[in-house]
Amino acid sequence: MSGPLIVLVGPMGVGKSTVGELLAERLGTTYRDTDADVVAVAGKPIADIFFDEGEDHFRALERQAVRDAVARHTGVLALGGGAVLDGETRALLAGRPVVYLSMDVDEAVRRVGLNTARPLLAVNPRRQWRELMDARRPLYEEVAAVTVATDTRTPEEVAVAITEALDLPERTDGPVPSDQENPRMTEQGTTRIQIAGTAGTDPYEVLVGRRLLGELPHLIGDRAKRVAVLHPEALAETGEAVRQDLADQGYEAIAIQLPNAEEAKTVEVAAYCWKALGQTGFTRTDVIVGVGGGATTDVAGFVAASWLRGVRWIAVPTTVLAMVDAAVGGKTGINTAEGKNLVGAFHPPAGVLCDLAALDSLPVHDYVSGMAEIIKAGFIADPVILDLVEADPQGARTPDGPHTAELIERSIRVKAEVVSSDLKESGLREILNYGHTLAHAIEKNERYKWRHGAAVSVGMVFAAELGRLAGRLDDATADRHRAVLESVGLPLTYRGDQWPKLLENMKVDKKSRGDLLRFIVLDGIGKPTVLEGPDPAVLLAAFGEVSA
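1. Quick notes on the overall build of the chain
Right, on to step 1. The helix and strand tally for the chain stands at 22 helices and 16 strands.
Right, on to step 2. Expressed as a percentage of the 548 residues in the chain, the buried residues total 57%.
Right, on to step 3. In the chain, of all internal contacts separated by at least 6 residues, the share reaching a separation of at least 24 is 74%.
Right, on to step 4. Carbon and sulfur atoms form 51% of the exposed surface of the chain, whose accessible area is close to 22,100 Å².

Structure representation (structure tokens):
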């Protein structure tokens with residue numbers, strides 16, 4: 001019987017995509033996901049299909065996607081959580097190597113956060129998840145040749161268990177074979193990082209590698225007729241090249257040029273983009289592509305979120321800062337006179353393409369600025385990042401460094417894990433703001449002329465001193481902040497006479513609750529926590545440690 005080598009079934013959040021890609025790599029084959037196929041055909045996220053056309057329409061698209069994939073795909077295939085509800089699908093899976101990945105409700109809470117909204121979990125998620133599983137578990141077991149529990153297992157351990165259970169030979173050498181029907185294939189060496197869908201949003205991938213623009217048509221999909229490429233003035237040639245390439249492939253592609261850096265993040269620029277979309281006849285199935293740094297991806301995402309109440313968008317970040325921070329996680333926004341990113345929306349992209357070749361021509365100051373966010377990820381979650389920077393500070397300052405790809409990938413994985421659990425900054429995601437409370441105040445005070453990473457660097461030193469003075473952080477770790485940041489050329493101080501203005505700016509910070517200031521501090525490396533309403537004298541003393 002021809003068809004997929006393995007078919008993975010199981011509930012949302014069980015890790016079918018992650019395990020599927022690991023299996024494909026181990027077995028020397030290709031990976032396919034029917035949810036991604038449905039999104040590509042529909043030209044919109046799954047949550048929008050449910051809202052706009054209803055579950056029956058989604059199930060019809062899913063049924064066809066499964067039929068096509070089972071007939072044409074020969075590698076590892078993952079099905080959506082509810083695909084087994086369809087009798088035709090269950091019949092199609094009969095006798096095939098189907099693996100049911102199971103998990104209990106406590107594991108589901110940890111992985112996907114059942115306090116968040118999903119298309120089928122809108123009222124009481126925990127109870128409805130149990131009810132869904134009571135209905136679906138017998139169907140998973142009916143089609144499965146093997147059941148593999150994922151609780152307490154890493155994705156790698158699950159992949160090993162599957163290969164052993166099915167007695168499948170693992171690839172010993174050579175590249176993954178080509179799969180012409182699988183548009184997800186990219187240049188060997190590309191890393192794919194999964195961002196789980198939360199709060200009714202769809203999962204997506206962050207790709208890190210080189211020569212990734214070939215992925216754009218697949219991410220855009222067949223239903224899109226028009227594509228708007230937003231780019232800064234400094235990348236006019238790049239933006240036009242992307243537009244021309246998409247036009248050559250049959251899309252009605254336009255390029256919208258934005259001002260450089262933070263000057264793009266204004267309501268006037270957003271209104272200019274809306275006007276261009278309106279004049280072009282942009283519809284809900286069309287797609288926006290943001291090519292540039294963090295400011296560009298912020299604007300592109302915000303314009304996408306606000307046009308027709310939300311259209312799909314793809315981020316193509318070209319700076320370190322955009323790759324490891326701005327383009328991942330779905331936070332979009334613009335600035336106002338009152339503060340940074342105060343107007344915005346949570347609107348995750350359909351995909352992120354981090355082409356490392358874009359960093360080769362990045363000015364050194366911009367590259368080093370992005371290192372602040374990488375170092376932040378090291379302090380809040382992944383100390384290996386700090387070890388790599390300390391082992392070769394000069395190498396960390398340049399895209400030619402020996403650890404460039406690993407530093408970027410590790411930083412993205414930190415953010416991916418956080419935003420996959422907390423899209424809308426209701427809890428865990430706040431830790432990503434380590435150093436940002438003071439940083440945003442500095443940026444506003446400097447009228448956004450300071451580089452974001454430079455401000456974050458000073459903000460992290462301030463947060464470390466605040467943690468030390470509050471009795472949370474040991475001296476050695478606080479001092480390590482200064483040493484690591486200074487070693488790559490980031491600033492450690494700011495003008496001491498500006499404290500009153502900075503304090504007022506921080507009171508408008510998005511993390512504040514009423515008049516209560518909130519700061520992310522560390523109890524140790526990898527142990528971020530919230531410090532609420534610190535004593536004003538302690539705040540002043542901490543700022544004294546970063547005053548120039």
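Let us keep going from here.
2. Here's the deal with the pattern of salt bridges
Right, on to step 1. With the rule as written, the count across this model stands at 35 salt bridges.
Right, on to step 2. A salt bridge links Asp 325 to Lys 415; the nearest nitrogen and oxygen atoms lie 2.9 Å apart. Of this pair, Asp 325 sits in helix 13 (residues 320-326) while Lys 415 sits in helix 17 (residues 404-421), placing them 90 residues apart in sequence. Each member of the pair, Asp 325 as well as Lys 415, is classed as buried.
Right, on to step 3. Overlapping salt bridges bring together Glu 465, Arg 468, Asp 475, Asp 479 and Arg 482 as one network.

3. With respect to the sheet that holds strand 2 (residues 31-33)
Right, on to step 1. Pairing is parallel across the open sheet formed by five strands, whose spatial order is 2-3-1-4-5. Edge strands, defined here as strands with exactly one partner in the open sheet, are strand 2 and strand 5 (146-149). Sheet twist, expressed as the mean angle between neighbouring strand axes with direction ignored, is 25 degrees.
Right, on to step 2. As defined by bridge partners, strand 1 (residues 6-9) adjoins strand 3 (residues 76-78) across three bridges and the pair is classed as parallel.

4. A short note on the sheet that holds strand 10 (residues 287-292)
Right, on to step 1. Taken together, seven strands build an open sheet; the order of strands is 6-7-14-11-10-8-9 and the sheet is mixed. Each edge of the open sheet is held by one strand with a lone partner, namely strand 6 (191-195) and strand 9 (252-258). For this sheet, the mean angle separating the axes of adjacent strands, direction not counted, is 15 degrees.
Right, on to step 2. Where strand 8 (residues 226-232) and strand 9 come together, seven bridges link them in parallel fashion. In the sheet register, Ala 228 faces strand 9, and the bridge partner there is Ile 254.

5. Observations concerning empty space enclosed by the protein
Right, on to step 1. Overall, the coordinates contain six cavities of 30 Å³ or more when judged by the stated rule.
Right, on to step 2. Put simply, the parts of the chain that give the lining of the second largest cavity at least two residues each are helix 14 (364-380) and helix 17.
Right, on to step 3. The leading source of residues in the lining of the second largest cavity is helix 14, at four residues.

6. Observations concerning the confidence of the model for the chain
Detailed conclusions should not be drawn from predicted coordinates in areas where pLDDT is low.
Right, on to step 1. Residues with a pLDDT of 70 or more make up 88% of the chain, whose mean pLDDT is 86.
Right, on to step 2. Scored below 50 in pLDDT, residues 109-125 makes 48 contacts in the model with residues more than four places away or belonging to other chains.
Right, on to step 3. In this model residues 171-188 is a low-confidence stretch, pLDDT under 50, and it forms 42 contacts with partners more than four residues away in sequence or in other chains.

7. Some details on the packing of aromatic side chains
Right, on to step 1. If you walk through the whole model with that rule in mind, you get seven aromatic pairs.
Right, on to step 2. Plain terms: the ring middles of Trp 450 and Tyr 494 are 5.3 Å apart, the flat faces sit at 85 degrees to each other, and that makes the pair edge-to-face. Highlighted residues: Trp 450 in the loop between helix 18 (436-445) and helix 19 (452-469) and Tyr 494 in the loop between helix 20 (475-487) and helix 21 (499-506), separated in sequence by 44 residues.
Right, on to step 3. For Tyr 494, a relative accessible area of 2% gives the class buried.
Right, on to step 4. Counting every residue linked through ring pairs, the aromatic cluster contains Phe 462, Trp 499, Phe 519 and Phe 543.

Thresholds applied
Residues numbered from 1 in each chain as written. Predicted model: local features only at pLDDT ≥ 70, side-chain atom pairs only at ≥ 80, totals over all residues. Heavy atoms only, no water. Helix = DSSP H or I, 4+ residues; strand = E, 2+ residues; numbered from the N terminus. Buried < 20%, exposed > 50% of the residue type's maximum accessible area, 1.4 Å probe, protein only. Contact = heavy atoms within 4.5 Å. Areas by Shrake-Rupley, 256 points an atom, 1.4 Å probe, with all protein chains shown as cover. Salt bridge = Lys/Arg side-chain N within 4 Å of Asp/Glu carboxyl O. Pairing = 2+ DSSP bridges. Axes fitted to C-alpha atoms, helices over the stretch in contact; angles between N-to-C directions. 1 Å grid on protein atoms, 1.4 Å probe; cavity = no way out; pocket = protein on both sides within 12 Å on 5 of 7 lines; lining within 4 Å. Points joined across faces, edges and corners; volume = space filled by probe spheres on them. pLDDT = per-residue confidence, 0-100. Phe/Tyr/Trp six-rings, centres within 6.5 Å; stacked < 30°, edge-to-face > 60°.

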